[in-house]
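Per-entry structural report
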Amino acid sequence: MGVQIDLADKLCIARIIGDIDHHSAKEMREEIDNAVTRSGAKELELDFREVTFMDSSGIGLVMGRYKLMQETGGKLHLVNIAGHLKKVMMLAGLDRLAILDKPERPARTANEEGGKQHESDQHDETAV
Amino acid sequence: MKAINTMKLQFEGRSVNESFSRVAVAAFAAQLDPTMDELADIKTAVSEAVTNCIVHAYRQRIGIIYISAGIYPDNRIVIKIKDRGCGIADVKKAMEPLYTTAPQEERAGLGFAVMQSLMDRVKVLSKEGKGTTVILERRLMGKEA
Ligand SMILES: Nc1ncnc2c1ncn2[C@@H]1O[C@H](COP(=O)(O)OP(=O)(O)O)[C@@H](O)[C@H]1O
Ligand SMILES: [Mg+2]
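Now for a description of the structure that goes with this document. (Residues numbered from 1 in each chain as written. Chains lettered and ligands numbered in written order. Predicted model: local features only at pLDDT ≥ 70, side-chain atom pairs only at ≥ 80, totals over all residues. Heavy atoms only, no water.)

So, about the sheet that holds strand E1 (residues 5-12) of chain B. Residue and element names in this part refer to chain B. Strand order in the open sheet formed by 5 strands is E1-E2-E3-E5-E4, with antiparallel pairing between adjacent strands. Bordering the open sheet on either side are E1 and strand E4 (121-127), each of which pairs with just one other strand. Averaged over all pairs of adjacent strands, the angle between their axes in this sheet comes to 10 degrees, without regard to strand direction. Relative to strand E5 (residues 131-139), strand E3 (residues 76-83) is paired through 8 bridges, and the arrangement is antiparallel. Across the sheet, arginine 76 pairs through a bridge with arginine 139, a residue of E5. (Pairing = 2+ DSSP bridges. Helix = DSSP H or I, 4+ residues; strand = E, 2+ residues; numbered from the N terminus. Axes fitted to C-alpha atoms, helices over the stretch in contact; angles between N-to-C directions.)

This part covers the layout of surface pockets. Space left empty within the atom packing is revealed by a probe, the size of a water molecule, rolled over the atoms. Residue and element names in this part refer to chain B. The computed volume of the second largest pocket comes to approximately 550 Å³. Lining the second largest pocket are 29 residues, with His56, Ile88, Ala94, Thr101 and Phe112 sitting closest to its centre. At 6 residues, helix H2 (residues 36-57) tops the list of elements feeding residues into the lining of the second largest pocket. Residues of the lining of the second largest pocket, tallied by class, amount to 14 nonpolar, 9 polar and 6 charged. (1 Å grid on protein atoms, 1.4 Å probe; cavity = no way out; pocket = protein on both sides within 12 Å on 5 of 7 lines; lining within 4 Å. Points joined across faces, edges and corners; volume = space filled by probe spheres on them. Nonpolar A, V, L, I, M, F, W, Y, C, P; charged D, E, K, R; others polar.)

Let us look at the environment of methionine 7 of chain B. All names here are of chain B. Looking at the secondary structure, you find methionine 7 in strand E1. A sequence separation of 62 residues divides methionine 7 from alanine 69, and the C-alpha atoms of the two residues are 5.4 Å apart. Once residues within four sequence positions are removed from consideration, methionine 7 is found in contact with Val25, Phe28, Ile67, Ser68 and Ala69. (Contact = heavy atoms within 4.5 Å.)

This part covers the nonpolar core. Ile42, Ile65, Ile67, Ile77, Ile79, Ile81 and Leu136 of chain B are the most contacted members of the largest nonpolar core, which totals 37 residues. Broken down by secondary-structure element, the contributors of at least two residues to this core are E1, helix H1 (17-29), H2, strand E2 (64-72), E3, helix H4 (111-118), E4 and E5 of chain B. With residues near it in sequence (within four places) discarded, isoleucine 79 of chain B still touches Val25, Ile42, Val46, Ile67, Ser68, Ala69, Val134, Ile135 and Leu136 of chain B. The next biggest cluster of nonpolar side chains, apart from the first, holds 32 residues, and it includes Cys12, Ile20, Ala25 and Leu76 of chain A. (Core = buried A, V, L, I, M, F, W, Y, C linked by side-chain atoms within 4.5 Å. Buried < 20%, exposed > 50% of the residue type's maximum accessible area, 1.4 Å probe, protein only.)

Take the interface of chain B and chain A next. Interface size, as often reported, equals the accessible area lost upon joining of the parts. Counting from both sides, the interface comprises 25 residues of chain B and, opposite them, 21 residues of chain A. Area buried by chain B at its contact with chain A is led by Arg22, Glu106 and Leu110 of chain B, which between them contribute 28% of it. Between arginine 65 of chain A and glutamate 106 of chain B there is a salt bridge, and its shortest N-O distance comes to 3.0 Å. Run the count over chain B and chain A and you get 14 residue pairs in polar contact (both at pLDDT 80 or more). Elements represented by at least two residues in the side of chain B that touches chain A include exactly H1, H2 and H4 of chain B. With 10 residues, the single largest contributor to the side of chain B that touches chain A is H2 of chain B. Grouping the constituent residues of the side of chain B that touches chain A by class yields 9 nonpolar, 7 polar and 9 charged. (Buried area = accessible area lost by both parts, 1.4 Å probe. Salt bridge = Lys/Arg side-chain N within 4 Å of Asp/Glu carboxyl O. Polar contact = N/O pair within 3.5 Å; in protein donor to acceptor, adjacent residues only side chain to side chain.)

Right, let's get into the state of the cysteines. Residue and element names in this part refer to chain B. Counted by the stated rule, this structure contains 0 disulfides over all chains. Cysteine 53 provides the cysteine sulfur closest to cysteine 86, a residue in no disulfide bond, and the two sulfurs are 10 Å apart. Look at cysteine 86 and you get partly exposed, because its relative accessible area is 39%. (Disulfide = S-S within 2.5 Å.)

Next comes the structure, spelled out in structure tokens:
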């Protein structure tokens with residue numbers, strides 16, 4: 001459980017591990033924000049590959065990081081969001097807020113939802 | 001309709017118990033042979049309701065959270081999450097998407113919206129100063145469907 005940070009140039013990659021809920025989000029938020037401010041990163045990538053659960057606290061986490069990056073004129077990317085996580089994110093319209101990237105390789109759960117073909121075409125749009 | 005199985009759970013409203021409570025309810029729901037997606041839906045909705053008890057109902061103190069659940073012959077699960085906290089003055093308003101009274105804590109104001117989209121039915125009973133009960137209902141198609 002927690003966040004693994006990788007810094008390269010102006011890019012900060014934060015791999016989130018475990019459940020994202022109100023209990024865990026606080027620490028994750030602090031770790032990510034520390035890394036971004038210390039490094040002065042212009043791009044933040046949140047990697048959800050190892051996230052095992054997420055409720056609306058995860059939406060709060062993403063929206064807060066979006067604001068942080070906006071304040072510094074930076075960018076936010078969300079990667080490896082599949083299955084249940086995608087359902088919760090789409091519900092919040094996060095696909096319109098941040099850049100939702102396609103998984104690097106198709107995740108096993110990515111296509112299980114069904115009936116939502118339009119999703120895969122929307123990911124690259126930057127809005128707001 | 002009469003429940004064919006029921007359970008009750010009572011625990012302290014500490015944030016560390018958010019995961020305990022959603023996993024416990026999911027374990028109870030497992031007897032309906034749900035799919036992984038259905039289990040994730042239940043866990044998420046329960047997590048939203050329990051978090052609200054901790055974050056909003058009890059604010060600066062540790063109160064007790066009560067969960068009861070029943071399984072019905074038509075593959076339905078009904079889950080009640082109850083607190084004896086501050087209550088909600090205007091339930092209709094509280095349930096509006098993006099409405100939150102705790103924006104500084106990065107609450108998205110989407111807890112009720114998430115519950116409503118994942119469950120078949122969400123009912124909220126609340127009285128100011130007395131507390132709140134959230135009733136979640138979901139019919140599971142299970143793996144046979
Ligand atoms: N159990 C509760 N006791 C008191 N107030 C509540 C409770 N649940 C929800 N609320 C109120 O309803 C609002 C909306 O809840 P929700 O949709 O979960 O959003 P959030 O938790 O992100 O604020 C909360 O901000 C709070 O004011
Ligand atoms: Mg909430």
